[in-house]
Amino acid sequence: MPTMSSRVAPFGTTIFTEINQLALQHNAINLGQGRPDFDAPADIIGAAMNALRGAYYNQYAPGAGAPSLRKAVALHANRFYNADVDPNAGVIVTAGATEAVFSSVLGLVDRGDEVIVIEPYFDSYVPNILMAGATPIYVPLHPPHWTFDPDELRAAFNSKTRAIILNTPQNPTGRVFTLEELTLIADLCKEHDVTVISDEVYEHLIFDSARHIPIATLPGMFERTVTVSSLGKTFSVTGWKIGWVWGTPDLIKGVAQAHQFVTFAVNHPAQEAAAYALSLPGTYFEDFQAMYTGKRDLMMRALNGAGLKARTPEGTYFVMADFSDVFDGDDLEFSRYLTAEVGVACIPPTFFYSTPHAHMASTMARFAFCKSDKMLQEAAERLATLAR
Ligand SMILES: Cc1ncc(COP(=O)(O)O)c(C=O)c1O
């Protein structure tokens, strides 16, 4: 009997499938998956509809991406980070950041190489590395402040290290790496001649005084970094799956070589709308941050009211909360209990760790606050029963 390949057999089913099913079954408020429950701005949807009606955009886009979007990505990188990106040779448009990371790994890493991953990590990174025939090397962020130990980071680099996958602002911890942290990573990458794949999908989701710094903008880093982002988070269109990679043409060429045989080209009308969205004035991005600051504050009040301890996130729409004061058991048991008995779904974060480090998050749960204020208030009321 034909069976699945040994390459994919160990992957199992993602925890999101189980929690989503459980949430549906118990009519729980789903703070598990990072999926906004409110719609994208009407003008962005209008831009997509105009592109659909335009006839021209209903056929294949150029493989590297619609020229309008490649130009918008380059202009956006220049506007926000003063980066000098070539829209023709320095940008590839992908099927979300997910494909952007996968095509980057396939295009920039060889079989047998080592790739450093900071834990807890976004769940596709490790399967991506394994499918490329490379080996993940794990560096944990330590709770409760979610910082890495510089010595542990240094020890992960050696002559086999080909790349590091970085994510800032960081899912699931809500950390935004500081200039000091990024400088240490950059120095090690330069010393060991390592490529950075920097996943920055939450680049516009930052709070208070936090500042998002693309590692590509540090001295000597543009030439060894590919920067990944996507439309989904910043414009509340996670279903569109439009992402991109920008960087130096030498590295982007590798990403393009993989991308042409992964998806070749991605949704053309959505790319036209993405070009419109990325070019919106600064007020869009400021209002977006203000809206999410309010949601973050609602979420923090809900967690405090429930007796869950959490470090206030500086970025992203996630927060990690420690439930050890109110529940005896591990994170999977807590997530199942909260979903089924309290009616609020959350994600057990040990699934975002390698086995030796998973214990670090065994009393933690990840909550997503990309939900309407009404939903967050309702979740707060349900969560309050935990403290009682
Ligand atoms: C850190 C991180 N990278 C990538 C993605 C996937 O982005 P996309 O939907 O654009 O593929 C997500 C989505 O949750 C994420 O949190």
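Definitions and cut-offs
- Every chain begins its residue count from 1, and numbering advances along the sequence as written.
- Restriction of local features to residues with pLDDT of at least 70 applies here, the model being predicted, together with a cutoff of 80 or more for giving and counting side-chain atom pairs; totals for whole chains, interfaces and linings are based on all residues.
- Hydrogen atoms and water are omitted, and side-chain values are computed over all heavy atoms in the structure.
- The term salt bridge refers to a pairing of a side-chain nitrogen on Lys or Arg with a carboxyl oxygen on Asp or Glu at a separation within 4 Å.
- By the criteria applied, helices consist of DSSP H or I runs no shorter than four residues and strands consist of E runs no shorter than two, each listed in order from the N terminus.
- Accessible area is worked out with a 1.4 Å probe on protein chains only. A residue is then buried under 20% of its type maximum, exposed over 50%, and partly exposed in between.
- Stacked, tilted and edge-to-face pairs are distinguished by plane angle, under 30 degrees for stacked and over 60 for edge-to-face with tilted covering the rest, among Phe, Tyr and Trp rings (Trp via its six-membered ring) whose centres lie within 6.5 Å.
- Two residues form a contact once any of their heavy atoms are found within 4.5 Å.
- Two strands pair under a simple rule: DSSP has to find at least two bridges between them.
- Cavity means a closed set of points on a 1 Å grid over the protein atoms alone, one where a 1.4 Å probe fits but cannot get out, pocket means an open set with protein on both sides within 12 Å along at least 5 of 7 lines, and lining means a residue has an atom within 4 Å of a point.
- Grid points are joined across faces, edges and corners, and a volume is the space filled by probe spheres set on the points.
- Residue classes follow a fixed rule: Ala, Val, Leu, Ile, Met, Phe, Trp, Tyr, Cys and Pro count as nonpolar, while Asp, Glu, Lys and Arg count as charged, and any other residue, Gly among them, counts as polar.
- Here the limits of each domain have been adopted from an automatic or database domain assignment.
- Think of it this way: one heavy atom of a residue within 4 Å of a molecule or strand is enough to make that residue near it.
- N or O atoms closer than or at 3.5 Å make up a polar contact, with two conditions inside protein: a donor-capable atom paired with an acceptor-capable one, and, for residues adjacent in sequence, both atoms drawn from side chains.
- Accessible surface is estimated by sampling points in the Shrake-Rupley manner with a 1.4 Å probe; for residues, cover comes only from the protein chains shown.
- Each molecule is checked against the cavity or pocket grid, and it sits inside if more than half of its atoms lie within 2 Å of the grid points.

### Observations concerning the pattern of salt bridges
Part 1: Throughout the structure, instances matching the rule amount to 14 salt bridges.
Part 2: Between D208 and R296 there is a salt bridge, with its nearest N and O atoms 3.1 Å apart. One end of the pair, D208, is in the loop between β7 (195-199) and β8 (225-230); the other, R296, is in helix α11 (residues 282-305), and 88 residues separate them in sequence.
Part 3: In this structure D208 comes out as exposed when scored by relative accessible area, which is 62%.
Part 4: Of the residues examined, R296 reaches a relative accessible area of 4% and is grouped as buried.
Part 5: Residues R382 and E378 are paired through a salt bridge, measuring 3.0 Å at the closest nitrogen-oxygen approach. Of this pair, R382 and E378 both sit in helix α13 (residues 373-387), separated by four residues, roughly a single helical turn.
Part 6: Overall, the relative accessible area of 31% leaves E378 in the partly exposed class.

### Points about the packing of aromatic side chains
Part 1: Throughout the structure, instances matching the rule amount to 24 aromatic pairs.
Part 2: With 5.0 Å between their ring centres and 70° between their planes, F80 and F285 make a pair best called edge-to-face. Note that F80 is positioned in helix α3 (residues 67-81) and F285 in helix α11, a separation of 205 residues in sequence.
Part 3: On the numbers, 5.5 Å between centres and 75° between planes, the contact of Y202 with Y317 is edge-to-face.

### Brief notes about the side chain of S236
Part 1: By the element assignment, S236 lies in the loop between α8 (231-234) and β9 (242-247).
Part 2: A relative accessible area of 10% means that S236 is categorised as buried.
Part 3: The residues touching S236, leaving out its near neighbours within four places in the chain, are P36, F38, D39, A40, L231 and F288.

### With respect to the sheet that holds β7
Part 1: The strand order β2-β9-β8-β7-β6-β3-β4-β5 describes an open sheet built from eight strands, whose pairing is mixed. Strand pairing shows two members of the sheet lacking a second neighbour, β2 (91-95) and β5 (147-148), which therefore form its edges.
Part 2: Two elements, strand β3 (residues 114-119) and strand β6 (residues 161-167), share four bridges in a ladder whose sense is parallel. The partner of I116 across the bridge, within β6, is I164.

### Regarding the layout of surface pockets
A water-sized probe rolled over the atoms picks out the places where empty space is left.
Part 1: Looking at the largest pocket, its volume works out to about 680 Å³.
Part 2: Along the walls of the largest pocket sit 31 residues, with Q33, T98, F122, K233 and K241 positioned nearest its centre.
Part 3: Residue assignment for the lining of the largest pocket shows that the elements contributing at least two residues are α4 (96-108), α5 (125-131) and α8.
Part 4: With five residues, α4 is the single largest residue contributor to the lining of the largest pocket.
Part 5: Of the residues contributing to the lining of the largest pocket, the split by class is 13 nonpolar, 12 polar and six charged.
Part 6: Mapped onto the domain boundaries, the lining of the largest pocket takes at least three residues apiece from domain 1 (9-41 + 283-387) and domain 2 (43-280).

### Re the site of the ligand
Part 1: Taken together, 13 residues sit near the ligand, with T98, D199, Y202, K233 and K241 positioned nearest.
Part 2: The side chain of D199 places a nitrogen or oxygen atom 2.5 Å from a nitrogen atom of the ligand.
Part 3: Surface burial for the ligand is 91%, taken as the share of its 390 Å² of free accessible area covered by protein chains.
Part 4: Here the ligand is seated within the largest pocket.
Part 5: A per-element tally of the shell around the ligand places α4 first, with three residues.
Part 6: Each residue belonging to the shell around the ligand can be placed in one class, and the counts come to five nonpolar, five polar and three charged.

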